[in-house]
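These are the residues of each chain, in order.
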Amino acid sequence: MVGEGPGQDRARHLIAGLTDLMASGYPLKTSDVATAIRVVKEDPAVSLTEFFTDSPFGPSLNSVVSVRNIKQRIYVQTIDRHDLVFAIGPAGTGKTYLAVAMAAAALLEKKVKRIVLARPAVEAGEKLGFLPGDLVEKVNPYLRPLYDALYDILGYEKTAKLLERGIIEVAPIAFMRGRTLNDAFIILDEAQNTTSEQMKMFLTRIGFGSKAVVTGDITQIDLPQGKTSGLREAQQILSRIEGIRFVLFDERDVVRHTLVQSIISAYDALDREREAAAAGSSAANGRTGTSRASEAADGGRTRSSEPPAGSR
């Protein structure tokens, strides 16, 4: 290898790691090479053999699901070690997919007896009443991403059987009220669109032997104006409680098309510009109001010092 410096060291480490993987009999795929490049960039000292072979998904899903970067690895390890985990970040970081994979692995290894997947049923300004069909038909489109993840990880037939037997349940968050979920793996997706009351209701459903993961993106809140996001509030008040963990993703952790990362960065920059402009406008209005109040006070003092009409 020709060259010197940190880049050469990383390249040597990458090639050595991939060589060791193939020598160990690991079925290296093209996507694994791309993942290895990303991982070595993030952590030049990482062991690629450990990264690819030390799977938290167990033998049943090891060949189906894999993490694609360091943050995803931290995420699944956090889920494995804690009973309540919040994952906050942009789309494309694997928050929901990996949570569903961990739930499926826990079910297959008999660590839990069922999986419960919940989502807010109304988002992006749409109302259920305007959609055709009965309640189930109205709600299903909102839950489709969760079904898609299950089909991808467990297969269509196995998922259908587990759904039919009630071992896997996919439902709007409103259906959680009044229940206690024991020995279950519970996932709340799109949690930024829950209200404060809904989030409290969901979190208090967690029973003995259960594990819960809450995922969402606080930059994509579709609640009506004036409504507090349950996810944003939970981040503020629960982050210091022992046993609860928060994993924060950003645009660098996106594993979709390379354009998605650039798109998210562009929108984040626009949001920052708007916030700065709004803050500047508020400050300017405050100064204007103070100035006007001062002028009014000065005018009052001037008028009071003038002699009354007709006096000498």
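Our structure's up above, just so we're on the same page.
Structural notes, computed from the coordinates. (Residues numbered from 1 in each chain as written. Predicted model: local features only at pLDDT ≥ 70, side-chain atom pairs only at ≥ 80, totals over all residues. Heavy atoms only, no water.)

### Description of the packing of aromatic side chains
Two measures describe an aromatic ring pair: the distance that separates the ring centres and the angle between the ring planes. Note the threshold: To pair, rings of Phe, Tyr and Trp, with the six-membered ring standing in for Trp, must have centres within 6.5 Å; the planes then decide the type, stacked if under 30 degrees apart, edge-to-face if over 60, and tilted in the middle. Segments assigned H or I by DSSP are reported as helices when at least four residues long, segments assigned E as strands when at least two residues long, and all are numbered from the N terminus. Residue burial is assigned from relative accessible area. The probe radius is 1.4 Å, only protein chains are included, and a residue is buried under 20% of its type maximum, exposed over 50%, and partly exposed in between.
All chains considered together, the criterion is met by four aromatic pairs. On the basis of an interplanar angle of 90° and a centroid distance of 5.3 Å, the ring pair of Y75 and F249 is categorised as edge-to-face. On the criterion of sequence distance, the pair formed by Y75 in helix α5 (residues 70-81) and F249 in the loop between β6 (244-248) and α11 (258-305) is long-range, its members being 174 residues apart. Accessibility classification places Y75 together with F249 in one group, the buried group. Taken together, the ring pairs connect Y147, Y151 and Y156 into an aromatic cluster.

### Topic: unusual backbone geometry
For D183, which is not glycine, the phi dihedral falls at a positive 50°. On the secondary structure map, D183 appears in the loop between β3 (168-172) and β4 (184-188). In this structure, E190 takes a positive phi of about 55° despite not being glycine. Relative to the elements of secondary structure, E190 occurs in the loop between β4 and α9 (196-203).

### Some details on the sheet that holds β4
Stated precisely, the cut-off is as follows: A strand pair is defined by DSSP finding two or more bridges across the two strands. Helix axes use the C-alpha atoms of the stretch in contact, all axes being lines fitted to C-alpha atoms, and the angles between their N-to-C directions lie in the range 0 to 180 degrees. By the convention used here, residues are in contact when the closest approach between their heavy atoms is within 4.5 Å.
Pairing within the open sheet is parallel, and its six strands lie in the order β3-β2-β4-β5-β1-β6. Unpaired on one side and paired on the other, β3 and β6 mark the two borders of the sheet. Strand-to-strand twist of the sheet, defined as the mean angle between neighbouring strand axes without regard to direction, takes the value 15°. Relative to β3, strand β2 (residues 114-119) runs parallel, the two being bridged by five bridges. Bridge pairing in β3 places I115 opposite I168. Across the sheet, helix α6 (residues 95-108) lies against β1 (84-88), β2, β3, β4 and β5 (211-216), angled at about 170° from β4, the strand it touches most.

### A look at the nonpolar core
We apply this condition: By nonpolar core is meant a set of buried Ala, Val, Leu, Ile, Met, Phe, Trp, Tyr and Cys residues that side-chain atoms within 4.5 Å join together.
Core analysis: the biggest nonpolar cluster contains 50 residues, and F57, Y75 and F185 have the highest contact counts within it. At ten residues, the largest contribution of residues to this core is made by α6. Discounting residues that sit within four places of it in the chain, Y75 has contacts with V85, A87, G94, K95, L98, A99, V213, T215, V247 and F249. Within the second largest apolar cluster, 23 residues are counted, among which are I186, M201, A234 and I244.

### Concerning the pattern of salt bridges
Selection criterion: Think of a salt bridge as a Lys or Arg side-chain nitrogen and an Asp or Glu carboxyl oxygen that are within 4 Å of each other.
All told, the structure shown has seven salt bridges when counted by the stated rule. D83 is the partner of K211 in a salt bridge, and the nearest nitrogen-oxygen pair spans 3.9 Å. With a gap of 128 residues between them, K211 in strand β5 and D83 in the loop between α5 and β1 connect regions that are remote in the sequence. Given a relative accessible area of 16%, K211 falls into the buried group. Measuring nitrogen to oxygen at the nearest pair gives 2.8 Å for the salt bridge that ties E169 to R179. A residue pair is termed long-range when its members are at least 10 positions apart, and E169 in strand β3 and R179 in the loop between β3 and β4 qualify at ten residues. Residue classification places E169 among the partly exposed positions, given a relative accessible area of 23%. Salt bridges here are not isolated pairs; linked through shared partners, they connect R119, D189 and E190.

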